[in-house]
Amino acid sequence: MTDIVSIANEGYDDPSLTEKDGLEGEEEEVKQPESIPEVQVVDKEKEAEAGEDEDDEDDNQPCGWFFFRPRFLQCLNKPGGYLLFLCLFCLAQSTTVNGLIYVIVTTLERRFNLTSARSGAISSCYDFSVMIIVVFVTYFGEKAHKPLWIGSGAIIFGMGSFLFTLPHFLSDDYVPGGVEGLETCTANRTLEDECLLEDQENLSRYYGFFVVAQVLHGIGASPLYTLGQSFLYSNSKPSTGALFIGFFQACSMFSPAIGYILGGFFLSLWTDFDSDIDDGLDPTSPLWVGAWWLGFMVTGSAALLVSIPLLAFPRSLPGAKKVQRERDQGTQKGSEFVSNSTTVAGRVKEFPAAMKNLFTNAPYMCIVMASAAENFILACVAVFGPKFVESTFTLTAGQAAFFAGLVVIPSALIGVMLGGILIKVFKWGYVARMRFILGSLTLSWLSIACMFVQCPSLQFAGVTVEYTSQETSLELGESNINSVCNLNCTCANDYDPVCAPETNVMYYSGCHAGCTVLDDSGDQKEFSNCGCIPDGQGGFGGSASQGKCNEDCDNLPWFSFVIFIMLFFTFAVVVPSVTSVFEVVDINQRTTALGLQSVFYRLLGSVPGPIIFGLLIDKSCMIWEEECEGQRTCWLYENSQFAFYLFIILFTCRTLSLMFYSGAYFFYKPSGTPDSADEMKQGLEDMDMQDMHDEAQGEKFQEADSEVKMA
């Protein structure tokens, strides 16, 4: 086509041609090729290339602070460098909120005289604060300087961690006290009511510090998983964006294990470094208070330090505009959103329209509801999973925690990374990711039946079997730990179980077993002359050892394997689900979409999940220990009912999740696709008209070419 233009121009520009041959009448016809549209197209392409070069020049912002932008820092001014510091902030956040908080709850109750309701509210304050603020953070931070918001969030989070430690430094040194459990059977003694003991220092007044600190944790962390992931994905190449999200999510999954390890280590240290430990106190004592505050000093310092490099990153990383041009836009048809306002007031006016645009995006809302169902499951398993394993397989709390770490952490890391790697290798789009999610969750759904893999329930005197006739079983609700054999023992209500080795039957305490002799010279307390324990000769007066009974069972390895498979396929969908949100919503609403999703999965999932499941499993409790202010602690569950309620929760939520993800798959219609057969027919007619136009244009070019040759 260029040759035709050049020939026509040459012919037209040669004056000798018209004068010699007398072609005045054909001069205008020779001029026709000069107006061929192709020449204009070439000029537009050059202009577009020049515009892109100008954008690329603006798309190379250096990192640094104010006017200090040294060259040696620019090696970190790329997605990999940003991912490094984002993961460090995630490490501090998840270690604190999902690790340390859960480890120190009972220690806070003991140290500051908090009820279980108050200690539970401390952990819930984080979710409530995130739920309230995250939509506004993501909406107004959509067009803001995202690294600046994230770095500021890290500073606020660090301040919250230091505020959490303040009660330790404001209160006096810890002095062990209270009423210890009376371990043997003694008649005619008076028990002092522990609930009537006065809080002389009024330690419970420090409760407000913990609440405000958790609110600051929530405010500081709200931009991390929303603005942070959106910025990372938008500034990464299409082939590596999902992989980087996988690294970030893997860090989030791994960090709670660090919190448990750090918290366990610090709790083995005495809380007051400048005071001596009382004789007879060690970490196994119920009166021991460890250095609960030390972990928050570490994570708070880490959050403040990582805020410095996060604040150095520019508004967009070098090459971000080029990445956006390369990325395929598969936004749901009809969900395009353009914000024309740059002021806060204008953004406020556009807020209802932005929310309406997301709520009417059917695939996005299906993903949101599916995420809420999945987070309902994860919240229930995170809170009560170790308790279920401990009860079902007769493990100690430490063994159950170790089991949880051994199974959950590897399955989460491998599953999350696999999801990101598969997207990178096979270059999956939205539809392929949805298919992978549905397949993975179906396999995980089939593994839920492993909840019924159990060990035989322990025999407990007065709970599952009668005191006098231990061959007679009791139904749930018929329990009574008091009997004729311990009626005059004046036993305390503290749960301290003992086991009769000859019959493998447990008793609530040595006192409730009617034991009058205690030998604590060894590593384990031994009781003898127990009036409620058969002596093997047809009478009573046997012996017992402190602790739970052991039940031979080989089902734990099989349970571990199946639960690993179930969790692996569950975590494998995390990265495809997050990146699918980025693909199905408009590029101008990615962070807002993550914020709204965060509200829904907290409001419908992680917040009510443990509460609802806790109410269900309370129905399977066989032994309650009454505490102050009407609080109760369950020490023994009926395993088959516990498993049944857990199965119901998992089965129902996973079924809902599959239904919503199926909706996200079938409702998806990328922009540019016709809505109906009429539109499709009209599109074909338009294509035919375009072909006819192109043919006519080609004929004109051929005629012009022939005329030029004749000329």
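Student: I'd love a proper account of the packing of helix α8 (residues 146-170) against helix α12 (residues 294-310), names of residues and values included.
Tutor: For the pair α8 and α12, the least separation of the axes is 8 Å and the interaxial angle reads 160°. Of the possible angle classes, the one that applies to α8 and α12 is roughly antiparallel. α8 and α12 meet at a crossing whose hand is left-handed. Together, Pro147, Ile150, Gly151, Ala154, Ile155, Phe157, Gly158, Ser161, Phe162, Phe164, Thr165 and Phe169 of α8 and Phe296, Met297, Thr299, Gly300, Ser301, Ala303, Leu304, Val306, Ser307 and Leu310 of α12 make up the contact between the two elements.

Student: Describe the layout of surface pockets, and please don't skip the residues or the numbers.
Tutor: The space that makes up the second largest pocket amounts to roughly 500 Å³. Lys146, Ser234, Arg315, Ser316 and Gln324 are the residues nearest the centre of the second largest pocket, which is lined by 18 residues in total. Only α10 (227-234) and α13 (320-326) provide two or more residues apiece to the lining of the second largest pocket. When grouped by side-chain class, the residues that make up the lining of the second largest pocket number four nonpolar, seven polar and seven charged.

Student: Kindly report on the nonpolar core, identifying the contributing residues and their values.
Tutor: Ranked by size, the top nonpolar core spans 108 residues in total, and within it Tyr82, Tyr364, Met451, Phe559, Ile563 and Phe613 carry the most contacts. Residues in contact with Tyr364, not counting those within four places in the same chain, are Leu358, Val581, Val584, Val585, Ala593, Leu596 and Gln597.

Student: Before we move on, can you summarise the sheet that holds strand β5 (residues 526-534) with the specific residues and values?
Tutor: If you trace the six strands from one edge of the open sheet to the other, you get β1-β3-β2-β6-β5-β4, paired in mixed fashion. Both edges of this open sheet fall to β1 (459-460) and β4 (515-519), since each of them pairs with a single strand only. Sheet analysis places strand β2 (residues 498-500) next to strand β3 (residues 505-507), joined by three bridges and oriented antiparallel. Bridge assignment links Ala500 to a residue of β3, and that residue is Val505.

Student: Explain the state of the cysteines to me, and be specific about the residues and the numbers.
Tutor: All told, the structure shown has six disulfides when counted by the stated rule. In this model, Cys185 is linked to Cys489 through a disulfide, with the two sulfur atoms separated by 1.8 Å. Here the S-S torsion is close to -80°, and the disulfide linking Cys185 with Cys489 is therefore left-handed. One end of the pair, Cys185, is in the loop between α8 and α9 (207-221); the other, Cys489, is in the loop between β1 and β2, with 304 residues separating them in the sequence. Cys489 gets classed as buried once you look at its relative accessible area, which sits at 2%.

Definitions and limits used
Residues numbered from 1 in each chain as written. Predicted model: local features only at pLDDT ≥ 70, side-chain atom pairs only at ≥ 80, totals over all residues. Heavy atoms only, no water. Axes fitted to C-alpha atoms, helices over the stretch in contact; angles between N-to-C directions. Helix = DSSP H or I, 4+ residues; strand = E, 2+ residues; numbered from the N terminus. Parallel < 35°, antiparallel > 145°, perpendicular 65-115°, else oblique. Left-handed = near helix turned anticlockwise from the far one by under 90°. Contact = heavy atoms within 4.5 Å. 1 Å grid on protein atoms, 1.4 Å probe; cavity = no way out; pocket = protein on both sides within 12 Å on 5 of 7 lines; lining within 4 Å. Points joined across faces, edges and corners; volume = space filled by probe spheres on them. Nonpolar A, V, L, I, M, F, W, Y, C, P; charged D, E, K, R; others polar. Core = buried A, V, L, I, M, F, W, Y, C linked by side-chain atoms within 4.5 Å. Buried < 20%, exposed > 50% of the residue type's maximum accessible area, 1.4 Å probe, protein only. Pairing = 2+ DSSP bridges. Disulfide = S-S within 2.5 Å.

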